[in-house]
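What follows is the residue order along each chain.
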Amino acid sequence: MGALNLAEWQKLPITLTELCINTTLRCGQSFRWRKADTGVWSLALQNRIISLHQDPQYLYYRSIPPSTLLSPPTPPASHPPSVLEDGPDDTLELLKHYLNVGPDLSKLYAQWSASDANFARRAPDFTGIRVLRQPAWEALVGFICSSNNNISRISQMIHKLCSNYGPLLGYLEEVAYHDFPEPRALAGAGVEAKLRELGFGYRARYIAETARMVAEKPEGWLDSLRNPEAPVFGGKARSAGKWSPNGREGYRTAHEELLTLQGVGPKVADCVCLMGLGWGEAVPVDTHVWQIAQRDYKFGKGKHASLTKATYDAVGDKFRSLWGQEAGWAHSVLFTADLRAFSERLVAKKEEVKEEVVVKTEEDAESGAEIVAEVVERKVKVVKKKIKREAEVDEATLLLLEESKRRSKRRRQA
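**As for empty space enclosed by the protein**
Evaluated as defined, the whole model comprises 1 cavity of 30 Å³ or more. For the largest cavity, the calculated volume is near 40 Å³. Residue lining of the largest cavity: Q29, S30, F31, R32, Q134, E138, A139, G142, I158 and F180, and that is the complete set. Take the lining of the largest cavity: its biggest share by element is 3 residues, from helix α5 (residues 136-144). Residues belonging to the lining of the largest cavity are distributed by class as follows: 4 nonpolar, 4 polar and 2 charged.

Below you can see the structure in the form of structure tokens.
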């Protein structure tokens, strides 16, 4: 662990196969987690700052309420911290909910692998990926920012958004942590202009107008679109209805409702359905997923030569037919495997060839003459470097594939 002292942290027994936070928290689901040099991830969530660290056996966690944080003077533009309500500490249950640790991930991976050879081939290098159950409003704004963007830049935008409009909870190691702003905080006059100043571009109008639209709807409207089997934290799960090859009725309704908001197309709507509303069958199809569909699932030809609305729906239906009710989760594993940020996980193979010349003296069986034999021994080996998983060390496997000998003889002159 280095200099990190975990003695006062709580811990949850869980393996890297069931949850890998170093993959899950940086694969394009949530954009507010920050990782320190110590390997600790931190986030302001539900009026507290949560920090996580992981080793092969445990997820370590701690929760710090605003009242216990030592804060430098609050900048004038920042919102004051909220007051944490008295009561029992529910951080563990909040984490279990947020990280979605209930389903048996090994069984899900086995199920998806059994129905899809491509998943079976690619998934073993990317175990432990879970679809988060983050707040729906945060997911909506985050994925509006994702249009024509990358994970690093989206994270910068969300950080600016929270710093300027979110409630300041305090400072952890001299870093300010703001919770996510409510819709009404982004619906006021001047928000669009300010966001443009901060570099949001055309997304500034989408965020401001969508915030106004959501703020004007009945309270709880966005969460009313949730999968009832994946309720908000503290809610009671209910049946989500009958399964259909193109998704359950509740998912289709949520998708259509989201399309009425500014800056929300089919892909953004599916991202919010999957990662903010708990609809596991939602399959967002962006550039990466379209490339996967062409490369590995024979799309890109005939009537599906380009990514039209019909093709978008066909890709989702194909993946749902392969992976079932959690097709969006399985799709997220393949999406992560295709990200450049994780390219170092591919197994590297390097061939090393070594030749040695060995001089031996032999006697000819027929003439008795002495013969000098030069024997060239050639060894070929492949070095396989296994992927480095968090809290594990690099391993190398040396595999001797071939050994061949070339002999050249010449008689020694008398």
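Moving on, there is more to tell.
**Some words on the side chain of S42**
Of note, S42 is situated in strand β3 (residues 41-44). Relative accessible area serves as the criterion here: at 4%, S42 is assigned to the buried category. Here the side chain of S42 touches S51 through a polar contact of 2.8 Å, side chain to side chain. Ignoring any residue separated from it by four or fewer positions in sequence, one finds S42 in contact with R32, W33, R34, I50, S51, L172 and Y177.

**A look at the layout of surface pockets**
Taken as a whole, the largest pocket encloses approximately 1,100 Å³ of empty space. As for the largest pocket, its lining consists of 37 residues, and the residues nearest its centre are P135, W137, E182, P183 and D223. In terms of residue class, the lining of the largest pocket is built from 20 nonpolar, 7 polar and 10 charged. The space that makes up the second largest pocket amounts to roughly 750 Å³. Forming the walls of the second largest pocket are 33 residues, and the residues nearest its centre are S146, N149, K267, D286 and H288. For the lining of the second largest pocket, the elements supplying multiple residues, two or more each, are α6 (151-165), α10 (266-275), α11 (287-297) and α13 (327-337).

**Observations concerning helix α12 (residues 309-323)**
Between the first and last C-alpha of α12 there are 21 Å, a value that for 15 residues agrees with the 21 Å anticipated at 1.5 Å per step. Listing the buried residues of α12 in full gives T311, Y312, A314, V315, G316, F319, R320, L322 and W323. The inward-facing, buried residues of α12 contact α3 (105-115), α4 (117-122), α9 (249-258), α10, α11 and α13. At the exit of α12 stands G324, carrying a positive phi of roughly 80 degrees.

**Examining the sheet that holds β3**
Taking strand neighbours across the sheet as the criterion, the 5 strands line up as β1-β5-β4-β3-β2 in an open arrangement whose pairing is antiparallel. Edge positions in the sheet fall to β1 (10-13) and β2 (34-35), since each of these pairs with one other strand and no more. Here 4 bridges tie β3 to strand β4 (residues 49-54), and the two strands are oriented antiparallel to one another. Paired with S42 across the strands is S51, a residue of β4.

**Examining the packing of α11 against α12**
One can describe the packing of α11 onto α12 by two numbers: an axis separation of 11 Å at closest approach and a directional angle of 65 degrees. Of the two elements, α11 crosses α12, and the hand of that crossing is left-handed. Counting all contacts with α11, which are made through V289, W290, A293 and Y297, the residues of α12 involved are T311, V315, K318, F319, L322 and W323. Looking at the contact of α11 with α12 residue by residue, the class counts come to 8 nonpolar, 1 polar and 1 charged.

**Quick look at unusual backbone geometry**
Of note in the backbone geometry, N148 takes a positive phi value of approximately 50 degrees without being a glycine. Along the polypeptide, N148 turns up in the loop between α5 and α6. Under the relative-accessibility criterion, N148 is labelled exposed at 70%. The backbone of K298 shows a phi angle near 65 degrees, a positive value even though the residue is not glycine. When its relative accessible area of 75% is taken as the criterion, K298 is described as exposed.

**What to know about the packing of aromatic side chains**
In total, this model carries 14 aromatic pairs according to the counting rule given. Both rings, one in Y297 and one in W323, keep their centres 6.4 Å apart while their planes meet at 90 degrees; by these two values the pair is edge-to-face. In this pair, Y297 sits in helix α11 while W323 sits in helix α12, placing the two residues 26 residues apart along the sequence. Y297 sits in the buried class, given a relative accessible area of 9%. Three or more aromatic residues joined by ring pairs make a cluster, and in this case those are Y109, W112, F119, Y297, F319, W323 and W329. Above the ring of W221, the side-chain terminus of K217 is found at 4.6 Å from the ring centroid.

**A look at the pattern of salt bridges**
Applying the stated criterion across every chain yields a total of 16 salt bridges. Residues R295 and D338 are paired through a salt bridge, measuring 3.1 Å at the closest nitrogen-oxygen approach. With R295 in helix α11 and D338 in the loop between α13 and β8 (348-363), the pair connects residues that are 43 residues apart, well separated along the chain. The class for R295 is partly exposed, based on a relative accessible area of 44%. Among the residues examined, D338 registers a relative accessible area of 18% and is labelled buried. Taking the shortest distance from any N to any O, the salt bridge between R320 and D317 comes out at 2.9 Å. Here the residue R320 and the residue D317 both occupy positions in helix α12, the gap between them amounting to 3 residues, near one helical turn. A relative accessible area of 32% places D317 in the partly exposed class. Within the structure, one salt-bridge network assembled from shared partners comprises R122, R295, D296 and D338.

Definitions and cut-offs
- Residues numbered from 1 in each chain as written.
- Predicted model: local features only at pLDDT ≥ 70, side-chain atom pairs only at ≥ 80, totals over all residues.
- Heavy atoms only, no water.
- 1 Å grid on protein atoms, 1.4 Å probe; cavity = no way out; pocket = protein on both sides within 12 Å on 5 of 7 lines; lining within 4 Å.
- Points joined across faces, edges and corners; volume = space filled by probe spheres on them.
- Helix = DSSP H or I, 4+ residues; strand = E, 2+ residues; numbered from the N terminus.
- Nonpolar A, V, L, I, M, F, W, Y, C, P; charged D, E, K, R; others polar.
- Buried < 20%, exposed > 50% of the residue type's maximum accessible area, 1.4 Å probe, protein only.
- Polar contact = N/O pair within 3.5 Å; in protein donor to acceptor, adjacent residues only side chain to side chain.
- Contact = heavy atoms within 4.5 Å.
- Expected span 1.5 Å × (residues − 1).
- Pairing = 2+ DSSP bridges.
- Axes fitted to C-alpha atoms, helices over the stretch in contact; angles between N-to-C directions.
- Left-handed = near helix turned anticlockwise from the far one by under 90°.
- Phe/Tyr/Trp six-rings, centres within 6.5 Å; stacked < 30°, edge-to-face > 60°.
- Lys NZ or Arg CZ within 6 Å of the ring centre and 35° of its normal.
- Salt bridge = Lys/Arg side-chain N within 4 Å of Asp/Glu carboxyl O.

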